[in-house]
Amino acid sequence: MLPIVALVGRPNVGKSTLFNTLTRTRDAIVADVPGVTRDRQYGYGQFGAAAYVVIDTGGLVVENPSVIEAQMRMQTERAVAEADRLVFIVDARAGLTPQDEIIARELRRSGKPIILAVNKIESLDAQVALSDFHGLGLGDPQPIAATHGQGIRELLSVVLAGFEESVREDSIDDAIRIAVIGRPNVGKSTLINRLLGEERVIASEEPGTTRDSILVPFRRDDRDFILIDTAGIRRRSKVEDVVEKVSVAKTLQAMDYAHVVVMVLDAHDTVGEQDASVLGMALQRGRALLIAINKWDGIPMEQREEIRRQLALKLDFVPYAPLHFISARHGTGVGELAQSAVRAFEAAMREMPTRVLNKTLEAALQAHQPPLVHGRRIKLRYVHQGGRNPPRVIVHGNQGERVPDAYARYLGNVFRKTFDLYACPVAVEFRSDANPYSERKTEHKVGHRPRRKGTANTGHRGAALAKIAGMKAARQRKSEAAAGHSSRPARAAARPAAKKSAAARPRAKTSGPVRGGRGRGTKRK
């Protein structure tokens, strides 16, 4: 078993910052606003050869806690009960406060070893800053700066002292990751607690209770699951708080991380534009999608059929997503939802043999041929699987970029029905085969006769250019011949004059025969 370390303290002392530093992640939302963390967040850390589990808790409010703060206190008490060591975090800049003294007395009652960590020690005199906290009687305070990582190694050496070196044995790679998304106050946290059978996350009637994306591992029917409780997504124009913007970003990251996405809707509200936008985000990420209509037990029987009809009309763009009518508070239909999540995960990770894929494509083409594009028929030749989660098939042929969206949806529905891809979108990708004659290249291969110097490279284009050049030369010769026939008498009359002028030129006297010819006085033999 790995040692469990819980981080406790009053609000805004740096617990979430220290959690991110110890786990080397950014799972916890960090802000200068008190009370950002509400649920307890679990993470894994490694110090040398020793692994450990760290729990981030909400701030303890001692005086006049609100309803949410009282629930945060209950979450912290459960983390203290689970932990082997407690790290009590205080603020060096604020000094010792009465709330710190009250929390220290409460932690002593747990009987767990307590390590006092004085945070935000940067740019301060450590001896002066630590002097006030010796009065708590919790041993030597450990000066740290969680933001800069100062003093973290010294703190961990004290926290993990006495524990044997352990290796993280549990793995979450094989677990089914299920992200629960939706608008605020639709019952996401209540559904998580119902699936777990305990009050694991804070559920309240107040919208926006959940801020972090809480990962909760559990086991059901010999299968490992990881439930991800996410913050509610509101319309972008209404999101002004910085913390809420970060919460929405965490929700989008949770959808990328999950295998199955469960969209929770309120049966008392209509499907609005924001619900369609959230569904579109899940559709773009290609995750298996389940739609849970919560608070169904409060709907009168005479109105249920009308609600079903309205849902079918407004959710027609995700026809593959099954609807589950549940009551998270009373547990109605929650078991069937968990079974559907397992089935959707198996469908998203299913292997599709190439032989069966090609037979399915052939049957689909015989039933419905692709349309004509510019008078040419689109030809789809073969198909193979290109990925999982979501299931992806790649179809090869010609004019693949011109396949209409309607025909791509038709093929996706055929593949989904053949391979029982329950609740999964099927991504169909078309690839056009390259034409080997589009750009013909002359390569000097073995046995290839190279062309003579000065000859043109003949090909389809070279032959056409040569033919055009020959036609131009023939026309030019014909025109020159016609022009020469009309001017022949003039050239004949001018020829004797040219000879006369040549004869009139004086010749040089030679005494002997000229090389290469006969002399003037030589006789012909």
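Up top is the structure these notes are about.
The model shown is predicted, which means the values in this text are computed figures rather than measured ones. (Residues numbered from 1 in each chain as written. Predicted model: local features only at pLDDT ≥ 70, side-chain atom pairs only at ≥ 80, totals over all residues. Heavy atoms only, no water.)

K.L.:
So what exactly am I meant to see when it comes to the packing of helix H6 (residues 188-196) against helix H10 (residues 334-348) here?
P.N.:
Packing of H6 against H10 brings their axes to within 10 Å, and their N-to-C directions diverge by 85 degrees. Classified by the interaxial angle, the pair formed by H6 and H10 is roughly perpendicular. Across the interface between the two elements, Leu-191, Arg-194 and Leu-195 from H6 touch Val-334, Leu-337 and Ala-338 from H10. (Axes fitted to C-alpha atoms, helices over the stretch in contact; angles between N-to-C directions. Helix = DSSP H or I, 4+ residues; strand = E, 2+ residues; numbered from the N terminus. Parallel < 35°, antiparallel > 145°, perpendicular 65-115°, else oblique. Contact = heavy atoms within 4.5 Å.)

K.L.:
How should I be thinking about helix H2 (residues 67-82) in this particular structure?
P.N.:
Each α-helix turn comprises 3.6 residues. Residues three or four places apart therefore point the same way. In a regular helix each residue adds 1.5 Å, so 16 residues correspond to 22 Å; H2 covers 23 Å between its end C-alpha atoms and thus fits that length. Within the sequence span of H2, burial applies to Ile-68, Met-72, Gln-75, Thr-76, Ala-79 and Val-80. Burial along H2 is one-sided: seen end-on, the buried residues are contained in an arc of 140 degrees. H2 presents Val-67 and Ala-81 as exposed residues on the side facing more than 90 degrees away from its buried surface. Contact partners of the buried residues in H2: strand S1 (4-8), strand S3 (50-56), strand S4 (85-91) and helix H3 (98-109). (Expected span 1.5 Å × (residues − 1). Buried < 20%, exposed > 50% of the residue type's maximum accessible area, 1.4 Å probe, protein only. Arc of directions from axis to C-beta.)

K.L.:
Just to check I follow, could you spell out the packing of aromatic side chains for this structure?
P.N.:
Aromatic ring pairs are described here by two measures, namely the spacing of the ring centres and the angle between the planes. Within the structure shown, the criterion is met by 3 aromatic pairs. On the numbers, 5.2 Å between centres and 20 degrees between planes, the contact of Phe-218 with Phe-225 is stacked. Phe-218 gets classed as buried once you look at its relative accessible area, which sits at 16%. Each ring, one from Tyr-407 and one from Tyr-410, has its centre 5.4 Å from the other, and the planes form 50 degrees; the classification is tilted. Taken together, the residues span about one helical turn, with Tyr-407 and Tyr-410 both in helix H12 (residues 405-419) at a distance of 3 residues. (Phe/Tyr/Trp six-rings, centres within 6.5 Å; stacked < 30°, edge-to-face > 60°.)

K.L.:
Would you explain the environment of Asp-275 in this entry?
P.N.:
Considering the arrangement of structural elements, one finds Asp-275 in helix H8 (residues 273-284). C-alpha of Asp-275 to C-alpha of Met-263: the two residues are 12 residues apart in sequence and 8.8 Å apart in space. Sequence-distant contacts of Asp-275, defined by excluding residues within four places in its chain, comprise Arg-183, Met-263, Leu-265 and Thr-270. A polar contact of 3.2 Å, which involves the side chain of Asp-275, links it to the backbone nitrogen of Gly-272. (Polar contact = N/O pair within 3.5 Å; in protein donor to acceptor, adjacent residues only side chain to side chain.)

K.L.:
What's the story with the packing of helix H1 (residues 15-23) against helix H5 (residues 152-159) in this structure? I'm lost.
P.N.:
The packing of two helices is summarised by the inter-axis angle and the distance between the axes. Where H1 meets H5, the closest approach of the two axes is 12 Å, and the angle between their N-to-C directions is 85 degrees. Taken together, the axes of H1 and H5 are roughly perpendicular relative to one another. Every residue of H5 that contacts H1 at Leu-18, Thr-21 and Leu-22 is listed here: Ile-152, Leu-155 and Leu-156. Within the contact of H1 with H5, the residues separate by chemical class into 5 nonpolar, 1 polar and no charged. (Nonpolar A, V, L, I, M, F, W, Y, C, P; charged D, E, K, R; others polar.)

K.L.:
Teacher, can you tell me more about the side chain of Arg-304 here?
P.N.:
With respect to the helices and strands, Arg-304 occurs in helix H9 (residues 301-314). No salt bridge is formed by the buried Arg-304; the nearest opposite charge belongs to Asp-297, separated by 6.8 Å. In this structure Arg-304 touches Trp-296, Asp-297 and Ile-299, once residues within four positions along its chain are discounted. (Lys, Arg positive; Asp, Glu negative; His and termini not counted. Salt bridge = Lys/Arg side-chain N within 4 Å of Asp/Glu carboxyl O.)

K.L.:
Can you help me understand the sheet that holds strand S11 (residues 288-294) in this one?
P.N.:
Strand pairing in a sheet is mediated by backbone hydrogen bonds. Such pairs are either parallel or antiparallel. Taken in spatial order, the 6 strands line up as S8-S9-S7-S10-S11-S12 in an open sheet, and their pairing is mixed. One side of each edge strand has no neighbouring strand; the edge strands of this open sheet are strand S8 (214-220) and strand S12 (323-325). The mean angle between the axes of side-by-side strands here comes to 25 degrees, regardless of whether they run parallel or antiparallel. Across 7 bridges, strand S10 (residues 260-266) lies against S11 in parallel orientation. Bridging from a neighbouring strand, Val-260 pairs with Ala-288 of S11. Here H10 sits on the sheet and contacts strand S7 (176-182), S8, strand S9 (223-229), S10, S11 and S12; the angle it forms with S11, its principal contact strand, is near 170 degrees. (Pairing = 2+ DSSP bridges.)

K.L.:
Teacher, can you tell me more about unusual backbone geometry here?
P.N.:
Trans peptide bonds make up the majority, and among non-glycine residues the majority have a negative phi. Residue Asn-389 is joined to Pro-390 through a cis peptide bond whose omega torsion reads 10 degrees. By the secondary structure assignment, Pro-390 is in the loop between strand S15 (379-387) and strand S16 (392-398). Here Asp-420, not a glycine, exhibits a phi torsion of approximately 55 degrees, which is positive.

K.L.:
Please clarify how the pattern of salt bridges should be interpreted in this entry.
P.N.:
Should their charged atoms come close, side chains of opposite charge can pair. Applying the stated criterion to the full structure yields 17 salt bridges. Salt-bridge contacts for Asp-275 lead to Arg-183; the nearest nitrogen and oxygen are separated by 3.0 Å. Of this pair, Asp-275 sits in helix H8 while Arg-183 sits in the loop between S7 and H6, and the two are 92 residues apart along the sequence. The partly exposed category is assigned to Arg-183, whose relative accessible area is 23%.

K.L.:
Sorry, what's going on with the sheet that holds strand S17 (residues 427-432) here?
P.N.:
Taken in spatial order, the 3 strands make up an open sheet running S15-S16-S17, and their pairing is mixed. Each edge of the open sheet carries a strand with a single partner, namely S15 and S17. This sheet shows a mean twist of 25 degrees between the axes of neighbouring strands, independent of strand direction. Relative to S17, S16 runs parallel, the two being bridged by 6 bridges. Bridge pairing in S17 places Arg-392 opposite Ala-427. Lying on the sheet, helix H11 (residues 354-367) is in contact with S15 and S16; it crosses S15 at an angle near 140 degrees. Running over the sheet, H12 touches S15, S16 and S17 and is turned about 120 degrees from S17.

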